[in-house]
Amino acid sequence: MLGIIVALISGALMSIQGVFNTEVTKQTSLWVSNSWVQFSALLVCLAGWLIKDGQSFTKLLQVDHKYLLLGGVIGAFITLTVILSINTLGPAKAALLIVVAQLAVAYVIELFGMFGVEKVDFSWVKLAGLVVAVAGIVIFKWK
């Protein structure tokens with residue numbers, strides 16, 4: 001149950017953040033806004049690290065598969081693409097497409113056991129769920 005609540009909070013925060021970032025971009029620029037988002041996130045993470053964690057950053061050198069350290073780079077592009085999609089499509093349509101893309105890519109990652117994720121068997125039910133989600137986009141976009 002906790003996982004469900006946290007996931008719902010995450011989705012809500014992502015939508016709110018996307019709108020905030022898009023509005024800041026309109027008043028500044030795409031790269032100024034994106035830089036601010038990443039910088040302010042760094043400050044929050046460093047504060048959390050100082051208060052709660054305190055582990056040495058040298059542990060990053062011990063991470064298997066160094067490509068896994070690209071999460072921050074990907075995060076910068078996530079912020080960039082969310083801003084651009086919300087600015088072009090509006091918050092609701094952008095969120096629908098983003099969530100369906102997340103679902104599709106996550107399922108492919110699980111199917112092929114990519115990036116250290118445990119491989120799962122193909123499921124027609126899960127594919128049907130993805131198709132229903134895509135149909136939801138079509139219905140939502142319908143005038």
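Just above, that's the structure.
Starting afresh in each chain, residues are numbered from 1 along the sequence in its written order. Given that the model is predicted, a residue must reach a pLDDT of at least 70 before its local features are reported, and side-chain atom pairs must reach 80 or more before they are shown or counted; all residues, however, enter totals for whole chains, interfaces and linings. Side-chain numbers come from the whole structure's heavy atoms, not from hydrogens or water.

(A) Structural detail: the overall build of the chain. Runs of E in the DSSP output that reach at least two residues are strands. Runs of H or I that reach at least four are helices, and both are numbered from the N terminus. Summing up its helical and strand segments, the chain has five helices and zero strands in all. When the helices and strands of the chain are placed in sequence order, the string is α-α-α-α-α. Across its three principal directions, the C-alpha atoms of the chain cover 50 × 45 × 30 Å. Only protein chains enter the calculation, and the probe is 1.4 Å; a residue is then buried if its accessible area is under 20% of its type maximum, exposed if over 50%, and partly exposed in between. Every one of the 143 residues in the chain was classed for burial, and the buried ones make up 15%. By sequence separation, contacts in the chain at least 24 residues apart represent 54% of the contacts at least 6 residues apart. Accessible surface computed for the chain: about 10,900 Å², of which carbon and sulfur atoms make up 74%. Here the chain carries 9 positive and 6 negative side-chain charges, and the mean point of each set is 11 Å from the other. The contact definition used throughout considers only heavy atoms, calling two residues in contact when any of these lie within 4.5 Å. A 1.4 Å probe and the Shrake-Rupley method give the accessible areas. Residues count as covered only by the protein chains that appear here. Positive charges come from Lys and Arg alone, negative charges from Asp and Glu alone, with His and the N- and C-terminal ends not counted. Positions of charges follow a simple convention, taking NZ of Lys, CZ of Arg, CG of Asp or CD of Glu.

(B) How the structure looks around the layout of surface pockets. One number sums up the size of the largest pocket: a volume of about 540 Å³. Residue lining of the largest pocket: 22 residues in total, with Met14, Gln17, Ile78, Val82 and Ile98 positioned closest to the centre. Mapped by element, the contributors of at least two residues to the lining of the largest pocket are α1 (2–27), α2 (30–53), α3 (71–89) and α4 (91–112). Put simply, the grid is 1 Å and covers the protein atoms alone, a cavity is a trapped set of points that fit a 1.4 Å probe, a pocket is an open set with protein on both sides within 12 Å along at least five of seven lines, and lining residues have an atom within 4 Å of a point. Grid points are joined across faces, edges and corners, and a volume is the space filled by probe spheres set on the points.

(C) Region of the structure containing the packing of aromatic side chains. Here the aromatic set is Phe, Tyr and Trp, taking the six-membered ring for Trp, and pairing holds for ring centres within 6.5 Å; pairs whose planes are under 30 degrees apart are stacked, those over 60 apart are edge-to-face, and all others are tilted. Summed over the entire model, instances satisfying the criterion amount to four aromatic pairs. Between Trp49 and Phe57, the aromatic rings sit 5.0 Å apart at their centres with planes inclined by 55°, giving tilted as the arrangement. Under the relative-accessibility criterion, Trp49 is labelled partly exposed at 26%. For Phe57, a relative accessible area of 48% gives the class partly exposed.

(D) Spatial organisation of α4. Over its 22 residues, α4 runs 31 Å from end to end, which matches the ideal 32 Å to within 8%, given 1.5 Å per residue. Of all the residues in α4, the buried ones are Ala94, Val100, Tyr107 and Leu111. Check the buried side of α4 and you find it contacts α3 and α5 (124–141). Between the first and last residue of a helix there are one fewer steps than residues, each counted as 1.5 Å, and that sum is the expected span.

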